[in-house]
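Architecture and fold: a report
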Amino acid sequence: MESPHGAAVSAEDFGLEGPRGRVFQNVTFSAEPGELVAIEGPSGSGRTCLLLALTGRMRTTEGHAEVGGLRLPKQAAAVRRLAALGPVPMVSELDPAFTVAEHLGERALLQGRYGSPLRALLRPRAERRAAAEARVDEALEAAGLDPATLPKSGRTSVRDLERLEALRLSVALALIGRPRLLAVDDTDLKLSDAEREQAWALLRSVADAGTTVLAVCSEAPGNVQVVRTAPAGGEADAEEPGTAPTDEEADVREPAAEKPAAEEPTTEEETADAFAEARRA
């Protein structure tokens, strides 16, 4: 697969405060093109909103960020053109009634119609079809998904996919557009330890191929840069791969992650308006 040039990502005092309170704050980090970055934090700490903000799909209120040299929030529309979303609940979810082939065909059609230069639309139909099929095949290979191995091949419905298979399909759909930045939410949700390792190996391979990857998780592996979203009143922090906290440091940090949901800075209800805005973007 042709390796796209990943987008460098950085943030300085990046934050969002909505009508119902603060969502995330004081996010500062930098990532090189083709780097894998884990956004780690407890549920309700603003992880998904940070992911959407860094892809130009949610307007922030504090600080700034840059993606591929484009400044956020001012150039959010331009950032959306170089960033692609994998699975993000309520924003870019798979349709459970669609088959794998239907999802791939729809995405290839949309990419050919709206994501390609005008001169590509002037090529003969057979040539355009061959190019679309090649893109789909490349994306499936990069995501490690072979439809032929599924119960009904490409006719397998999304509702019948295992969680890891659904993640691979979402990543493949995003890669059809050859983005410079890939954003994935809930990377380790409902996965066994073995499946979690496979999921991170997938995202690592995408990053190694040249695409910068941002991945939300509850617990990051040890070989990636980690950006932690903060509990209420705290600050987000970032750490380089291989600089995980010691046991003593972890003991100090852990209670903040174990606060009851009522004390967390953000809940699904509190961020509903922000997600609705992201879907419209």
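In the block above lies the structure referred to throughout.
Rules of the game
Residues numbered from 1 in each chain as written. Predicted model: local features only at pLDDT ≥ 70, side-chain atom pairs only at ≥ 80, totals over all residues. Heavy atoms only, no water. Phe/Tyr/Trp six-rings, centres within 6.5 Å; stacked < 30°, edge-to-face > 60°. Helix = DSSP H or I, 4+ residues; strand = E, 2+ residues; numbered from the N terminus. Buried < 20%, exposed > 50% of the residue type's maximum accessible area, 1.4 Å probe, protein only. Expected span 1.5 Å × (residues − 1). Pairing = 2+ DSSP bridges. Axes fitted to C-alpha atoms, helices over the stretch in contact; angles between N-to-C directions. Parallel < 35°, antiparallel > 145°, perpendicular 65-115°, else oblique. Contact = heavy atoms within 4.5 Å. Nonpolar A, V, L, I, M, F, W, Y, C, P; charged D, E, K, R; others polar. Left-handed = near helix turned anticlockwise from the far one by under 90°. Right-handed = clockwise from strand over helix to strand, strands pointing away.

1. Considerations on the packing of aromatic side chains
Taken as a whole and assessed by the stated rule, the structure comprises one aromatic pair. Ring geometry for Phe 14 and Phe 24: centres 6.0 Å apart, planes at 45 degrees, overall tilted. Note that Phe 14 is positioned in strand 1 (residues 9-18) and Phe 24 in strand 2 (residues 21-31), a separation of ten residues in sequence. Each member of the pair, Phe 14 as well as Phe 24, carries the same accessibility label: buried.

2. Concerning helix 5 (residues 125-143)
Taking 1.5 Å per residue as the helical rise, helix 5 with its 19 residues ought to reach 27 Å, and the 27 Å between its terminal C-alpha atoms agrees with that figure. Following helix 5 by one or two positions, Gly 144 adopts a phi angle in the positive range, close to 70 degrees.

3. Digging into the sheet that holds strand 5 (residues 70-72)
With respect to topology, four strands assemble into an open sheet ordered 2-1-4-5, the strand pairing being antiparallel. At either margin of the open sheet sits one strand with a lone partner, and together these are strand 2 and strand 5. Neighbouring strand axes in the sheet, compared pairwise and without regard to direction, differ in orientation by 25 degrees on average. By the bridge criterion, three bridges tie strand 4 (residues 62-67) to strand 5 in an arrangement that is antiparallel. Residue pairing in the sheet places Ala 65 in a bridge with Leu 72 of strand 5.

4. Notes on the packing of helix 6 (residues 163-175) against helix 7 (residues 193-208)
Viewed as axis vectors pointing N to C, helix 6 and helix 7 meet at an angle of 10 degrees, and their least axial separation amounts to 10 Å. Comparing the axis directions of helix 6 and helix 7 gives the class roughly parallel. In this structure, helix 6 contributes Leu 164, Leu 167, Arg 168, Val 171 and Leu 175 to the contact, and helix 7 contributes Glu 195, Gln 198, Ala 199, Leu 202, Leu 203 and Val 206. By residue class, the composition of the contact of helix 6 with helix 7 is eight nonpolar, one polar and two charged.

5. Looking at the packing of helix 5 against helix 6
Put simply, helix 5 and helix 6 touch, their axes get as near as 8 Å, and they point 140 degrees apart. In terms of their interaxial angle, helix 5 and helix 6 are classed as oblique. Crossing handedness for the pair helix 5 and helix 6: right-handed. Where helix 5 abuts helix 6, its residues Ala 139, Leu 140, Ala 142 and Ala 143 lie against Arg 168, Val 171, Ala 172 and Leu 175.

6. Quick notes on the pairing of strand 8 (residues 212-217)
A regular strand places its side chains on the two faces of the sheet in alternate fashion. The element strand 8 is largely enclosed, with a buried count of six among its six residues. With burial as the criterion, each face of strand 8 is covered, one bearing Thr 212, Leu 214 and Val 216 and the other bearing Val 213, Ala 215 and Cys 217. Sheet topology note: the strand 3 (residues 36-40)/strand 8 ladder contains five bridges and is parallel. In the strand pairing of strand 8, Val 37 is matched with Leu 214. Crossover handedness for the path strand 7 (residues 181-184) to helix 7 to strand 8: right-handed.

7. Section: helix 1 (residues 47-54)
Counting buried residues in helix 1 gives eight out of eight residues, a clear majority hidden from the surface. Along helix 1, the positions that sit buried rather than exposed are Arg 47, Thr 48, Cys 49, Leu 50, Leu 51, Leu 52, Ala 53 and Leu 54. Positioned one or two residues after helix 1, Gly 56 has a phi angle of 80 degrees, which is positive.

Coordinates in, geometry out; function isn't part of it.
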